[in-house]
Every structure is written in structure tokens, then in C-alpha cells.
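Observations on chain architecture
Listed here are the chains, written in short residue letters.
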Amino acid sequence: MKGSPLKTLRILLVLTAFLMAGMTAAFLLRPGSADAPSLGAVRLGGDFQLQSSSGPVSLADFRGHPVVMYIGYASCPDVCPTSLAVMTQGFRRLSDDEQARVRGIFISVDPERDSPEKLAEYSAFFHPNLVGLTGTREQIDQVVRQYGAYYRIAELDNSALGYAVDHSSRLYLIAPDGSLAEVLSHNITPDELSAKLRLLL
Amino acid sequence: MPSFSRFAAPLLASLLCVAGPALAEVTVSDAYARAVPPGQSNSAAFLVIRNDADEAVRLIDAASDSAGVVELHTHSEQDGVLKMRRIDAIEIPGRGEHSLAPGADHLMLIGLTRVLSEGDSIGLSLEFSDGQRLQLDVPVKSIMATMQGMQNGHQHHAE
């Protein structure tokens, strides 16, 4: 270790503060209490604009469609693809007509590794109605705040990955009018998700 | 040179015998690597390791012919926040087994040297704390396929 002990301590303190903030947020917004998507008087959800491979996309573009949104990163090897698979399997439980009307949004909080082009390819792997979006750090942080999500870049000194992204893992169910209908645990089954989507169709 | 092979064959056989009984103690089942979308440089492999010895043994390293580096990783979830970290070893209890499964411990395949598609297989070698090594041929499975398998089989498959 090169840095002075004091510097290390300071970094640790800052990280701890972030962690505590994140844990508090995660606790307050934990899926168990997520049926009412609001935190006290703060209403979660809302419009945002991000980048897709074919240009800017905002949530307003999805008006008229029930949307399932997930916030993660593409090089996440396990939790994100599992959640996206649940999402898209939920889509596939619907009839063809119903399926044609639902949309999925995958937001990457890792724009350094996930270009819009890479996200387009990644999303298409799961379902044709899933779009991959990312943006500037400011744009990403805004969406993350709006939806009560959480992420933190965690440097991994001991791994060839370089860094991992600690993150909340939830499915945001958005009504056709753009309002956040429900925040769902990523442990939801495809059948449960398709039932919830049908209620919004 | 017949005299050499006559000499070498028993020697090789005796070497294999030394390794033989040890190799039987750790076995692997249900191994698969996860198929990835094109352009993805990382993936994960999952498997169940069974240890038939009385003593615990630790998985300490892994390598693959299809990834630059293979690391042992684990996931933890705390108040809805998921974290993935590298770990040094994964312990398999004596007369027991340990599952490397989605959402838990797994082998992280970093720097894939090719696209992993459903139906492919990759070579995977595992090294244990007592010197045992396992060389595996592991099928690549799509997450959709493994998820279908987890459902009760009556789902219609719209693809």
C-alpha cells in the first residue's frame, strides 16, 4: 500500500459514509415495503432522458406502453442477466398481442464499459422489445435518484475485473401513463410479472 | 524404442495410481457456463462440488481454455444492495458438497477469448488445496434455457 495511513483512513471513512447512505436508502426502499412506490412524501419515478444506440430516448417515448425497467450494468455476470431473463420471460408469458405492447428498459450505470451500441446488442439478446440505455454520469445519477435505486463503483484491487458495481436490483413496473406503478423484487417469477403486466395492459 | 516404452508405461501407470485415489474424492456435477450476448467479455460458470473425503477441502484456483482469467467470486446481498467480490477459496466440507450457483459463489470467466453460445462447451480446470486437480468439459447454457428448466416444464416456450 502506497498511500499514507491517514489517506487510507479518509478513503475508508468516505466509503463507509457512502455505504451507510446506500444501506439506509436500500433499507427504506427495500422490496418488502415497496408496494407503495413512495418514500414519505417523496414520490418515486418520473421522466428522464438517456442515450440509446439510435439516439436520445426518454421515458415519455414509451407513453401508452407498460414498461419494466431494470438498472444494472452489462458486465454484471449473474444478477443482471438473471433479472433481465425474468423480465423477458415475463414478456414471453403474454399473448403475442399483449407482448407486442410491453416494453423493457435496461439502464446501465457503467457507461465507461457499456456504450449504447454494446447495450443494444446486449438487450437484443434477451428480447426485441428491450432497449439498452445509458448516459452521462449526471443523467444516470438523476434516474437512480428518481427511482430510489442505488449503485456504487467498487474498486477491486485483487481482481482482473478492475472494478465491480454494487447495486440495487429491482424491476420497476411503469404504467402506460409513465407513472411508477410498483417496485418489484428481482426474485419475482416470470408468471407473477406477466400477471402484473396484464393488469396494466 | 521398445525398451523405453516398456520402462515408461509402468512408471506412468504408477504415477497415475498415486494421483488416482486422491482424484476420486472430489467430484463435480451439474456444471455449466453461461452463454453471453456477443461483445460480452465476461461470463460465469456454476457447478456442484462434492467432497467424499472426511476432511474439508478448498477450491483455490481455476482456469479455462476460453477465458484469460478465471476467478472465484461470491455475491452478497445486504438490504437490497448486491455486491460481487473476489474470494481466495471456496470450502467444500468433508463428506459434503457446495453449490456454485447464480446469486452465490461462482467462477467468474474474465476476458472471454470467444463468444459462449448455447450448445458450446468450454474446458475448465479446478485446483484444490490438497493438490487435486479436475479437468472438466463444461456445457454452455443460455440463461433462458436454465430458467425454463427451473420452471415446472409446462410453460409454453414462445421462441
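As the structure is a computational prediction, the values presented were derived from the model and not from experiment. (Residues numbered from 1 in each chain as written. Chains lettered and ligands numbered in written order. Predicted model: local features only at pLDDT ≥ 70, side-chain atom pairs only at ≥ 80, totals over all residues. Heavy atoms only, no water.)

Quick notes on the overall build of chain B
Convention followed: Only DSSP runs of H or I covering at least 4 residues are called helices, and only runs of E covering at least 2 are called strands; the numbering of each starts at the N terminus. We get accessible surface area from the Shrake-Rupley algorithm with a probe of 1.4 Å; when it comes to residues, only the shown protein chains can shield them.
A count of helical and extended segments in chain B gives two helices and ten strands. In chain B, the succession of α and β elements from N to C terminus is α-β-β-β-β-β-β-β-β-β-β-α. Split by element, the accessible area of chain B, about 8200 Å² in all, is 55% carbon and sulfur.

Thoughts on the UniProt feature "binding site: Cu cation" (unreviewed entry) in chain A
All names here are of chain A. What counts here: UniProt positions are given in the numbering used here, feature names are shortened, and annotations may be inferred rather than shown by experiment. Every residue pair with non-hydrogen atoms within 4.5 Å of one another is taken to be in contact.
As annotated by UniProt and renumbered to match this structure, "binding site: Cu cation" (unreviewed entry) occupies Cys 76, Cys 80 and His 167. These annotated residues cover 92 residues of sequence, and their C-alpha atoms lie no more than 10.1 Å from one another, placing them together at a single site. Structurally, the position occupied by Cys 76 is in the loop between strand 5 (67–72) and helix 2 (79–92). Dropping the residues within four chain positions of it, Cys 76 is found in contact with Pro 81, Tyr 122 and His 167.

Looking at the packing of aromatic side chains
Residue and element names in this part refer to chain A. Applicable threshold: For this analysis, a ring pair means two rings from Phe, Tyr or Trp (six-membered ring only for Trp) whose centres lie within 6.5 Å, classed as stacked if their planes differ by under 30 degrees, edge-to-face if by over 60, and tilted for the remaining angles. Summary of the burial criterion: residues with accessible area below 20% of their type's maximum are buried, those above 50% are exposed, and those between are partly exposed, where the area comes from a 1.4 Å probe applied to protein chains only.
Inspection of the entire model under this criterion finds seven aromatic pairs over all chains. With a centroid separation of 5.4 Å and an interplanar angle of 85 degrees, the aromatic rings of Phe 125 and Phe 126 are classed as edge-to-face. Looking at Phe 125, the relative accessible area reads 31%, which means it is partly exposed. An aromatic cluster is present here, built from Tyr 70, Phe 106, Tyr 122, Phe 125 and Phe 126 joined pairwise through their rings.

Brief notes about the side chain of His 75 of chain B
This is how it is decided: What qualifies as a polar contact is a pair of N or O atoms within 3.5 Å, subject to a donor-acceptor requirement within protein and to the restriction that residues adjacent in sequence count only when both atoms come from side chains.
Along the polypeptide, His 75 of chain B turns up in strand 4 (residues 67–78). Side-chain polar atoms of His 75 of chain B contact the side chain of Asp 78 of chain A, separated by 3.4 Å.

Digging into the environment of Arg 92 of chain A
As for its placement among the helices and strands, Arg 92 of chain A is situated in helix 2. Taking the C-alpha atoms as reference points, Arg 92 of chain A and Pro 190 of chain A, separated by 98 residues in sequence, lie 8.5 Å from one another.

Some remarks on the confidence of the model for chain B
Predicted coordinates in regions of low pLDDT should not be interpreted in detail. Put simply, the test is: The predictor's confidence in any single residue is recorded as pLDDT, a number from 0 to 100.
Averaged over every residue, the pLDDT of chain B is 83; residues scoring 70 or more account for 77%. Here residues 149–159 of chain B is modelled with pLDDT under 50, and outside its nearest four sequence neighbours on either side it reaches ten contacts, counting other chains as well.

A word on the interface of chain B and chain A
The criterion, for reference: Buried area: the sum, over both parts, of the accessible surface (1.4 Å probe) that disappears when the two are put together. Whenever a carboxyl oxygen of Asp or Glu lies within 4 Å of a side-chain nitrogen of Lys or Arg, that contact is scored as a salt bridge. Pairs of strands are assigned from DSSP output, requiring at least two bridges between the strands.
Chain B puts 41 residues into the contact, and the matching count from chain A is 42 residues. Each partner contributes to the roughly 3400 Å² buried at the junction of chain B and chain A, and carbon and sulfur atoms together form 58% of this total. Linking chain B to chain A there are two salt bridges. Here Arg 34 of chain B ties to Asp 78 of chain A by a salt bridge, and the two come within 3.4 Å at their closest N and O atoms. Across the contact surface, chain B and chain A share ten residue pairs in polar contact (both at pLDDT 80 or more). Elements that contribute at least two residues to the side of chain B that touches chain A include exactly strand 2 (42–51), strand 4, strand 5 (81–86), strand 8 (106–112) and helix 2 (143–150) of chain B. The sheet contact formed by strand 9 (residues 163–168) of chain A and strand 5 of chain B spans two bridges and is antiparallel.

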